[in-house]
Amino acid sequence: MKLKKNKFPNDFLWGASISAFQAEGAYNEDGKGMSVQDIKKYGEDVSDFKVASDFYHKYKEDIALFKEMGLKSFRFSIAWSRIIPSGDGEINEKGLQFYENLIDELIKNDIEPIPTLYHFDLPLSLQERGGWNNRELTVNAYLKYAKALFKRFANKVKYWITFNEQNVMIMIGSKVSILNGSHSSLNEKELYQQSHNMFIAQALAVNLLKKYNKESKIGPALNNVCIYPNSKKPEDYLSAQNASIMRNWYYLDAIVRGIYNPIVKKYFLDNDLMPEILETDLDILKKGKPDFLSINYYTSGTVMENQEDTDKEIKIDQQTMFDINGLFSYSKNEYLGKTEYGWPLDPVGLRITLREMYERYQLPLMISENGIGLSETLENETVNDEIRIEYYYKHIEQLQLAISEGIEIIAYNPWSAIDLVSSHQGFKKRYGFIYIDRAENDIKSLKRYKKKSFYWYQNLISKNGDIF
Ligand code: BGP
């Protein structure tokens, strides 16, 4: 039987997304301190983050384009190192002023600002003093930073995101040093301690915000994905459950329910990975329940029963699954196509993920990222990005089906609003509705051009998603 489709809610937020270090540039301007990302480069022919898309200087021009596209929301991140250059010291008024101007400009254009407090860019000075390993230092610094933002913007901003992809930072932190500066040398035990410290910071930030505005909404953005077993063998199904617990539920059970998932607990105990949990911590977590959950969805995962002895080489990044000894092993999924950059394509997986999350936690959901990276060239002042249009078409179709099934979804903020520097693969991996004239190591004109997807999304928004 075919599912009857409901319309998207009238106040649905059709948006788009960026992050500070990938788009802003101006890495050392107006008193900004260094962040862990400012010292990163992924090879000679890959762009660093110093100029990025120059959003810092061009935000007004970009917002005018967002308005033209019809955006109702804009999800961006605030660079902690602009607000508190040393991470925990003096507040930099110029940093606050920049985001105030940005937020005001968005509001003036009827675009809901959705800031993320922390998107992979820890102030370098904190990292040098232990970063998230140092609970006392970094949790307090995060709260000081959050306070500065809430004090200034709580009456202008309705939706706040606490952390971007805590699960990615932790899960692949020991395998690749891509996301948080110096994570490469960290072992699993340190990472799970960091994760616990982030849970505490997040729960305390939830309560802090309410002191400034009871009506504001706040929640985390995790890279949650549904996980399939690679066969109908019960052991494979069990492994898929394990993988989902390690990637999704461990984080959300702590954040929403204030508990450590029992299967994770057992894994921690057996492998000497249990973090230090202070007596009052679980109480803090229970009292810091978020108002909504946001997800970054690019693809699903597939796993099989753990093969302890394999030494297969898996190219790990934030979207691929991997192995955890005793729990699951990565597997290919022959039912799914792949993007040019090797990420499996799975629009139905988005709906499955949304259903799983809503059934489990009954909190409103937001999508803070979803998109496809492509190498593109400008022709006749535009880019014919049919592949991106098809990607969005299929994902938004599933979104509508999820909404029709009664899942409460507030916003869709695809990645990304404008071309920007990929988290680890440079500028050539483009995601935007808006093309930016620059190459990896050549800044060029930084001029903006509307891609074909710009007009497609504009049309979709003007019909409130009623195109299927
Ligand atoms: C998410 C990150 C984003 C963004 C996106 C695309 O995991 O939150 O910052 O980078 O993935 O990934 P990439 O840039 O590696 O292609």
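Here is what the cut-offs are and how they apply
Residues numbered from 1 in each chain as written. Predicted model: local features only at pLDDT ≥ 70, side-chain atom pairs only at ≥ 80, totals over all residues. Heavy atoms only, no water. Helix = DSSP H or I, 4+ residues; strand = E, 2+ residues; numbered from the N terminus. Rg over C-alpha atoms; globule rule 2.2 N^0.38 Å. Contact = heavy atoms within 4.5 Å. Areas by Shrake-Rupley, 256 points an atom, 1.4 Å probe, with all protein chains shown as cover. Lys, Arg positive; Asp, Glu negative; His and termini not counted. Charge placed at Lys NZ, Arg CZ, Asp CG, Glu CD. Axes fitted to C-alpha atoms, helices over the stretch in contact; angles between N-to-C directions. Parallel < 35°, antiparallel > 145°, perpendicular 65-115°, else oblique. Left-handed = near helix turned anticlockwise from the far one by under 90°. Nonpolar A, V, L, I, M, F, W, Y, C, P; charged D, E, K, R; others polar. Buried < 20%, exposed > 50% of the residue type's maximum accessible area, 1.4 Å probe, protein only. Pairing = 2+ DSSP bridges. Phe/Tyr/Trp six-rings, centres within 6.5 Å; stacked < 30°, edge-to-face > 60°. Lys NZ or Arg CZ within 6 Å of the ring centre and 35° of its normal. Near = heavy atom within 4 Å. Polar contact = N/O pair within 3.5 Å; in protein donor to acceptor, adjacent residues only side chain to side chain. Expected span 1.5 Å × (residues − 1). Salt bridge = Lys/Arg side-chain N within 4 Å of Asp/Glu carboxyl O.

This part takes up the overall build of the protein. In terms of regular secondary structure, the protein is built from 14 helices and 13 strands. Relative to the globule expectation of 23 Å for 468 residues, the C-alpha radius of gyration of the protein, 21 Å, shows essentially globular dimensions. A principal-axis box enclosing the C-alpha atoms of the protein has dimensions of 60 × 55 × 45 Å. A fraction of 77% describes how many contacts in the protein between residues 6 or more apart in sequence connect residues 24 or more apart. Accessible surface, the protein: about 18,300 Å² in total, of which carbon and sulfur atoms supply 50%. Charged side chains in the protein number 59 positive and 64 negative. The centres of these two groups are separated by 4 Å.

To continue, consider the packing of helix H8 (residues 188-212) against helix H9 (residues 234-257). At a closest axis distance of 10 Å, the pairing of H8 and H9 adopts a crossing angle of 40°. With respect to each other, H8 and H9 are oriented oblique. Both H8 and H9 take part in a crossing whose hand is right-handed. Within the contact between the two elements, H8 uses Tyr192, Ser195, Phe199 and Gln202 and H9 uses Met246, Tyr250, Tyr251, Ala254 and Ile255. In terms of residue class, the contact of H8 with H9 is built from seven nonpolar, two polar and no charged.

This part takes up unusual backbone geometry. In the segment running from Trp415 into Ser416, the intervening peptide bond is cis, with an omega of 10°. Structurally, the position occupied by Ser416 is in the loop between strand S11 (409-412) and strand S12 (434-436). One non-glycine residue, Glu381, lies in positive phi territory at about 60°. With respect to the secondary-structure elements, Glu381 resides in the loop between strand S10 (365-369) and helix H13 (386-404). Residue Glu381 is classed as exposed on the basis of its relative accessible area of 54%.

Pairing is parallel around the closed barrel formed by eight strands, whose spatial order is S1-S2-S3-S4-S5-S7-S10-S11. Put simply, the sheet's adjacent strands are angled 30° from each other on average, direction ignored. Sheet topology note: the strand S4 (residues 159-164)/strand S5 (residues 217-222) ladder contains four bridges and is parallel. Looking at S5, one finds that Asn164 is bridged to Ala221. Across the sheet, helix H12 (residues 347-361) is in contact with strand S7 (293-296), S10 and S11; its angle to S7 comes to roughly 160°.

Moving on, we come to the sheet that holds strand S9 (residues 329-330). Strand order in the open sheet formed by three strands is S6-S8-S9, and the pairing between neighbours is mixed. Sheet topology places strand S6 (227-229) and S9 at the edges, where each strand pairs with a single neighbour. Note that strand S8 (residues 301-304) and S9 share two bridges and pair antiparallel. Pairing of Val303 across the sheet is with Tyr330, part of S9. Its contacts with the sheet put H9 on S6 and S8, and the angle it makes with S6 is roughly 165°.

This part covers the packing of aromatic side chains. Inspection of the entire model under this criterion finds 46 aromatic pairs. Between Phe8 and Phe12, the aromatic rings sit 5.2 Å apart at their centres with planes inclined by 55°, giving tilted as the arrangement. Across the pair, exposure class does not vary: Phe8 and Phe12 are buried alike. A network of ring pairs unites the aromatic residues Phe8, Phe12, Trp14, Tyr391, Tyr392, Tyr412, Phe433 and Tyr457 as a single cluster. The residue whose ring lies beneath Lys429 is Trp343, and the NZ or CZ to ring-centre distance is 4.0 Å.

A separate point is the site of the ligand. The environment of the ligand is formed by 17 residues, the closest being Gln22, Glu165, Ser423, Lys429 and Tyr431. Gln22 is positioned such that a nitrogen or oxygen atom in its side chain is 2.7 Å from an oxygen atom of the ligand. Out of a free accessible area of 370 Å², the ligand has 100% covered by protein chains. Taken together, the residues of the shell around the ligand sort by class into five nonpolar, nine polar and three charged.

Moving on to helix H4 (residues 93-108). For H4, built from 16 residues, the straight-helix expectation of 22 Å at 1.5 Å per residue is met to within 8% by its first-to-last C-alpha distance of 22 Å. When we look at burial in H4, the residues that qualify are Gly95, Leu96, Phe98, Tyr99, Glu100, Leu102, Ile103, Glu105 and Leu106. Packing partners of the buried residues in H4 comprise helix H1 (20-23), helix H2 (55-69), strand S2 (73-77), helix H3 (80-83), strand S3 (112-118) and helix H6 (135-153). One or two steps after H4, the chain reaches Asp110, where phi turns positive at roughly 60°.

Further remarks concern the environment of Lys5. Within the element layout of this structure, Lys5 appears in the segment before strand S1 (13-17). The class for Lys5 is partly exposed, based on a relative accessible area of 36%. A sequence separation of 216 residues divides Lys5 from Ala221, and the C-alpha atoms of the two residues are 27 Å apart.

Now for the pattern of salt bridges. Considering all chains together, one arrives at 32 salt bridges under this definition. As a salt-bridge pair, Asp281 and Arg135 come within 2.8 Å of each other at their nearest N and O atoms. With Asp281 in helix H11 (residues 281-287) and Arg135 in helix H6, the pair connects residues that are 146 residues apart, well separated along the chain. By relative accessible area, Asp281 is classed as buried at 0%. We classify Arg135 as partly exposed; its relative accessible area is 22%. Taken together, the shared-partner salt bridges in this structure form one network comprising Glu376, Asp385, Arg388, Asp419, Arg430 and Lys451.

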